[in-house]
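Chain by chain, the residues:
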Amino acid sequence: MDIRLNQLTLDNFKGCRHFELAPMGANCTVRGDNATGKTTLYDGLTWLLFGKDSQGRKEFDIKPLNADGEVADHAAITSVEAVLDCEGEEITLKRTYAEKWTTKRGKSEAEFDGHESEYFVDEVPVKKNAFDAAVGNLVDESTFRLLTNVTYFPETMKPED
């Protein structure tokens, strides 16, 4: 399947408050000095599609951190959205991640109660399994990583594969 990236938008993802990349299906090159966000873009795309970073880890800091390494804004909603051209059909995928705060009965202050994720396909809210199925219909993770990550084959892929 021919899949092209029309637009990638990151909000409150790692070091990016807001970033948009709009290659509109064309080839593009992302360049910059070390620690300027190149890997963050790829992390955003792989987190959106597979819930993992560019190294394949599920556990990594996706929320922006302050200088002390603490979450910069507990109210911020982390989101990544991609508009893809799949064989001439446009598909929009979006994943959000936010802290859940609740005020328990008898308490005056809200307490952290975990995180919530939301998933959208073409701007319609869907359950995680429906989102994963939509992504799986486009490409499987191993094939995606093999085609988009030059180190996947020599460093990560199992010899039997």
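Predicted model, so just to flag it, every value in this text is computed and none were measured.

J.: What am I meant to see in the overall build of the protein here?
T.: Secondary structure assignment for the protein yields four helices and six strands. Along the protein, from the amino end to the carboxyl end, the secondary structure elements read β-β-α-β-β-β-β-α-α-α. Taking the principal axes of the C-alpha coordinates as reference, the protein spans close to 55 × 35 × 35 Å. When the accessible surface of the protein is split by element, carbon and sulfur atoms take 47% of a total near 10,400 Å².

J.: Can you help me understand helix 1 (residues 38–50) in this one?
T.: The periodicity of an α-helix, 3.6 residues per turn, causes residues three or four positions apart to be oriented the same way. With 13 residues, helix 1 extends 19 Å from end C-alpha to end C-alpha; this agrees with the ideal 18 Å at 1.5 Å per step. Where burial is concerned, most of helix 1 is hidden: eleven out of the 13 residues are buried. Count one or two residues on from helix 1 and you reach Gly-51, which has phi positive near 75 degrees.

J.: Even after reading the chapter, I still don't get the state of the cysteines, so can you show me in this structure?
T.: Under the definition given, this model contains zero disulfides. Unpaired in terms of disulfides, Cys-16 finds its nearest cysteine sulfur in Cys-28, a separation of 14 Å. On the accessibility criterion, Cys-16 (14% relative accessible area) is buried. Here Cys-86 stays free of any disulfide, with the sulfur of Cys-28 as its closest cysteine sulfur at 16 Å. Exposure remark for Cys-86: the relative accessible area of 5% places this residue in the buried category.

J.: Is there a simple way to explain helix 2 (residues 128–138) in this structure?
T.: What helix 2 keeps buried is the set Phe-131, Val-135 and Leu-138. Down the axis, helix 2 shows its buried residues gathered within 50 degrees of arc, on one side only. Across helix 2 from its buried face, at more than 90 degrees, point the exposed residues Asn-129 and Asn-137. Among the structural elements, strand 1 (3–13), helix 1, strand 3 (78–86), strand 4 (89–102), strand 5 (111–121) and strand 6 (124–126) are those in contact with the buried residues of helix 2.

J.: Sorry, what's going on with a negative patch on the surface here?
T.: Side chains of Glu-89, Glu-90, Asp-122 and Glu-123 sit close together on the surface and give a patch of like negative charge. If you trace the backbone, Glu-89 turns up in strand 4.

J.: I keep staring at the sheet that holds strand 1 and nothing clicks. Help me out?
T.: Within a sheet, each strand pairs with its neighbour through backbone hydrogen bonds, oriented either parallel or antiparallel. The strand order 2-1-3-4-5-6 describes an open sheet built from six strands, whose pairing is antiparallel. If you trace the sheet from one side to the other, it starts and ends with strand 2 (16–21) and strand 6, each paired once. Neighbour-to-neighbour, the strand axes of this sheet turn through a mean angle of 20 degrees, independent of strand direction. Note that strand 5 and strand 6 share three bridges and pair antiparallel. If you follow Phe-120 over to strand 6, its bridge partner there is Pro-125. Set on the sheet, helix 2 makes contact with strand 1, strand 3, strand 4, strand 5 and strand 6; between it and strand 4 the angle comes to about 150 degrees.

Cut-offs used in this document
Residues numbered from 1 in each chain as written. Predicted model: local features only at pLDDT ≥ 70, side-chain atom pairs only at ≥ 80, totals over all residues. Heavy atoms only, no water. Helix = DSSP H or I, 4+ residues; strand = E, 2+ residues; numbered from the N terminus. Areas by Shrake-Rupley, 256 points an atom, 1.4 Å probe, with all protein chains shown as cover. Expected span 1.5 Å × (residues − 1). Buried < 20%, exposed > 50% of the residue type's maximum accessible area, 1.4 Å probe, protein only. Disulfide = S-S within 2.5 Å. Arc of directions from axis to C-beta. Contact = heavy atoms within 4.5 Å. Patch = residues over 30% accessible without salt bridge, like charges linked within 9 Å, V, L, I, M, F, W, Y side chains within 5 Å. Salt bridge = Lys/Arg side-chain N within 4 Å of Asp/Glu carboxyl O. Lys, Arg positive; Asp, Glu negative; His and termini not counted. Charge placed at Lys NZ, Arg CZ, Asp CG, Glu CD. Pairing = 2+ DSSP bridges. Axes fitted to C-alpha atoms, helices over the stretch in contact; angles between N-to-C directions.

All quantities given are derived from atomic positions and should not be read as evidence of function.
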